[in-house]
Structure formats: structure tokens, C-alpha cells
Amino acid sequence: MLQTPRGTADVLPDEQAYWSYVTAHFKSICESYGYGEIRTPVFEDTRLFQRTVGEGTDIVEKEMYTFADRGGDSLTLRPEGTAPVVRAYLEHGMHRLSQPVKLSYIASIFRYDRPQAGRLRQHHQFGVEALGEESAAIDAEIIGLLLHLYRSVGLTEVSLQLNSIGDAACRPQYIEELASYYRSHVKALCDNCQTRLERNPLRLLDCKEDSCQPFIGDAPHTMENLCGDCDAHFGVLKNSLKAMGISYTLNHTLVRGLDYYTRTVFEVWPQTVGRQSALGGGGRYDGLARHIGKRDVPGIGFGTGIERIILNLQRQGVVPNEQQPFSVFVATLGERAATYGTGLVNDLRQRGVRALIAYRPRSLKAQLRQAGNHHADFAVIIGDDELAEGQVLLRNLGASTQENVAESDLMQTLERLRDAGRTG
RNA sequence: GUGGCUGUAGCUCAACAGGUUAGAGCUCUGGACUGUGGCUCCAGCGGUUGGGGGUUCGAGUCCCCUCAGCCACCCCA
């Protein structure tokens, strides 16, 4: 039996309720915050990610789906959402628009990784990016939007982890300080950290090895080594969050796995026991645009995993309150009635009434059972008797009552019942 | 990429220490009720026991390989 490739999943109609539920909330929130939707290609020039995400990162080093197309160009299935959006901003000259340009997206993301619950090789993210504004006020707006999304879908008990990792002015110095601190303890470090020290010292702070924890605790923190501008920026962010009633945990070990981040970085964790798997995360990337074009554009955004949101909703027992649309099942007996029924469901559908029918002769009992399985509100029963009298039998499946309705009144009656159901 | 656990009808699960034809509930279909759903009862459909190989008179059960899912690491969404 052929099956879905490893780390991919089908979304079946039953689960679709969760998808449309969270998507509807995301779209309406983006609407109210003024973020317009953008769609970018699933694949991009490989260099886009090499230059922005960073050559030394896990994503570029071992997780990208990179392939040569038939013309020999190197393309990569997008492993993250931000770089393509910044690319589109530059490519379409959006710097000429009124700033900031605020964009949102719903995108599939591809990373070659070992699958686990909530970790897929193809997953989907909601994301927003605000380009062209460097004030921390918009950092707070973005974080607020993300938390607003979780709250509105019913994901309670999430925790915001916050850090500031400096910028081009202060980070190099900080990293040197961090590295020299660690070099003095190099013999005691785990193997992984010895490598990190050479390749990406910031990630030393992210080590989960017990034996390395004391060093993390005593290591210099980015937050305490910010330059004046970065420190002021971080201060504005914290004040803005406070003004918005948003609480956070300062986490100096939060460094994130993409090279392009500057200043603000954050993740949101679900409040489950055990290991944390971020629901969403993001940060500021003021240096990113320069790697793509010749322009400096400050930016900030987040990505949040749709599958992870749904997984946590299910764990919390949140069921999307999707109301069934009003629907009618047309049950027919006999050939003439069947033909009539075919025309009737067609008319109903043209008028926007959800209408179902059996496609081949079945007993009335079976047809009504089918109507019940589909949660139809009404059944229209048509047999030769009814046809002869120009009437149909309209059965209310919820109340188990039925009455004869003149064929000519049926459409109007059903539309009236549908509209009553909608408002009631 | 590392280590570990688990794979039996569409779903949830049975099957003594290898032993006949791998069972049950739910779902679905049909009937009891020849034109009236949900309840009840009866019946039916549905399996290459994830796949391949091996050991054995005999493998769902033991061994090897492989695939997939899950857990931890790693990483993050």
C-alpha cells in the first residue's frame, strides 16, 4: 500500500472543521489589525534562504528540500515564511507604499526533520510581517496579535518568552564576551557545546545538557549587554506590552535558530507538562532585507504552526463550534419521482440551500437513515402519490413531524425555513 | 542525524506458553418494518495481522531487514 510520504499528513473532512475554525479566526484578526494577505510561491531560489536564514543554521545545513529543476536552477521548498515575504516586498517596490507595510500569510512550510507529533516535514503556518517600521511599538502589536489569536481560538495557558539579542552594533561584542567566558570553561562543556562555541556561540545558551546548565546561568546575558539604542528599544517594547496587559517571561536563553534576527525575539509555549514545543515564534530582523536587495528595511514578524495549534486545541478538549448548515434530503420512490428529485436538488442548490439525494433507488427507510447520517434538517419525500397530487411530503427530521406541501410552494417554504434557522 | 517503544478490519481493541478457518464492539449495508430515520434484534460487507525474508511440521506470536507512527535527544512551528 502506498501511503503519504513520511512526515506528511492528509487532512480529512472531519478534521477540516479545526482548520477552517482557526483559519477564520486568523483571517478576521489580521483584518482588524490591518494586515493584508500575501501569497508567495512554495519554492524559491535556494540562495534566498542561504543568505537570510544563514549558512550555519540547522535549517540550511540539513533541513531544506533543495532540488535542481529541469533547467538546472537550484530551488528550495520554503523552509520558513519570512524571507519570501521580504523578497516580495523588495521585488514589488513596496518601500514606495505608506510604511509600515503589514502582511499576513498562510503557507505550507517544508523541513526535512525526524517526524513526531506536532513535527512534520510539511506543515502549515500562519504568519504576519510588518516591514518598514523600527519602533518597538509595532513589535508589541505583532506579539499582541499572536496572543490574540491563541486566546480567540480558545488556547488558554500559553506563556510568552521574550528576549532581546541586540543588533549589529552590540551583538558582535557580546558574542565575543560570551565566547571568551565559555572558552574559560571549555573542558567542562558537552561535545555539542564545544562545537557551538566555534560555530555559533549564541546557541550555547540553548543547550539542554544538565552539565552545561550552570554555565548558562552564569554566562553574560544579551539583555544586560545591549547598546543604548537596543536597550531603549527593548524598554519601549516592555512598556508597550505592559500597557497592553500582556505578561511575559524574560528568557535569556531564547536565541532562535535563524541568523537574521536582531533585537526582539520571542516564542509562545503551550502550558503542557514536559517538553516545550513552541506554538509560535518570531522576532525583529532589521538586517534581513539587505541580504536580498540593496536596501535596509526594518521588519518584524512571527510564524505559528497550524498543526500545533490544532493539536493543542484537541489536547485541551476545545471543539470548534461549527454550526451545520441548514440542509434538505430529497427522498424519492419510483423512477418518475427520482427524475423529479434530480431537478429539485438542483434548484435548491442554485438557491443556496444545501441539498442531498440518494443516487440510486434505495428503500425509503435507507434514504431517511442516510438523511439522518448527514444531519439533514428536513426530508422532502416524493412518491408517485405525491406527484399525482402536485404535492410533496415535507418531514421535519428534528421534530419527527411532517406535512403535505404543494409542489409550487416548496421552494419558498424551504427558503423560509432555512432563513428562520439561521436567525434563530 | 542518535537512542528507545509500538504496528491485528475504516475506528477502538481481543487472540493461553508459536497450534485448526484471526474474533468482538462501533461504523456502513440489508432485513425484521414491501412508503418513514434515531432505539432494539438478526444478518452481511470488511484483514496479504504495515511490507519482505528467515527459523519451524506449523508464525499475528520467535529472529533479521525494511516502512510508518510515537517518546526522548536535537531542532523548532
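Residues numbered from 1 in each chain as written. Chains lettered and ligands numbered in written order. Predicted model: local features only at pLDDT ≥ 70, side-chain atom pairs only at ≥ 80, totals over all residues. Heavy atoms only, no water.

(A) Representation of the side chain of D167. By the secondary structure assignment, D167 is in the loop between β7 (158-164) and α6 (171-183). Here the side chain of D167 touches A169 through a polar contact of 2.8 Å, landing on its backbone nitrogen. Those residues in contact with D167 that lie beyond four places of it in its chain are P172, C227, C230 and R263. (Helix = DSSP H or I, 4+ residues; strand = E, 2+ residues; numbered from the N terminus. Polar contact = N/O pair within 3.5 Å; in protein donor to acceptor, adjacent residues only side chain to side chain. Contact = heavy atoms within 4.5 Å.)

(B) How the structure looks around the nonpolar core. Of all hydrophobic cores here, the largest spans 43 residues; its most connected members are V22, F266, I309 and L313. Of all elements in the fold, only α1 (13-33), β6 (122-131), α5 (136-153), β7, α9 (228-243), β9 (262-270), β11 (299-305) and α11 (306-315) reach the threshold of two or more residues within this core. Per-element tally for this core: the top contributor is α5, with 11 residues. With sequence-adjacent residues up to four places away left out, V22 is seen in contact with F126, L149, V153, I306, I309, I310 and L313. Residues Y105, L131, L254 and V265 belong to the second largest nonpolar core, which totals 29 residues. (Core = buried A, V, L, I, M, F, W, Y, C linked by side-chain atoms within 4.5 Å. Buried < 20%, exposed > 50% of the residue type's maximum accessible area, 1.4 Å probe, protein only.)

(C) Just the sheet that holds strand β4 (residues 74-77), in detail. The three strands lie next to each other as β2-β4-β3, forming an open sheet whose pairing is antiparallel. What marks the edges here is a single partner per strand, and that holds for β2 (43-45) and β3 (65-68). Going from strand to strand, the sheet's axes swing by 35° on average, the running direction of each strand aside. Alignment of β3 against β4, held across four bridges, turns out to be antiparallel. Along β4, the bridge assignment pairs Y65 with L77. (Pairing = 2+ DSSP bridges. Axes fitted to C-alpha atoms, helices over the stretch in contact; angles between N-to-C directions.)

(D) The arrangement of the sheet that holds β11 in detail. Strand order in this open sheet of eight strands is β1-β5-β6-β11-β10-β9-β7-β8, and the pairing throughout is mixed. Two strands close off the open sheet at either side, each with one partner strand: β1 (36-37) and β8 (249-250). Taken together, the five bridges between strand β10 (residues 280-284) and β11 define a ladder with antiparallel strand orientation. In the sheet register, R284 faces β11, and the bridge partner there is I300. Its contacts with the sheet put helix α4 (residues 82-91) on β5 (101-110) and β6, and the angle it makes with β6 is roughly 45°.

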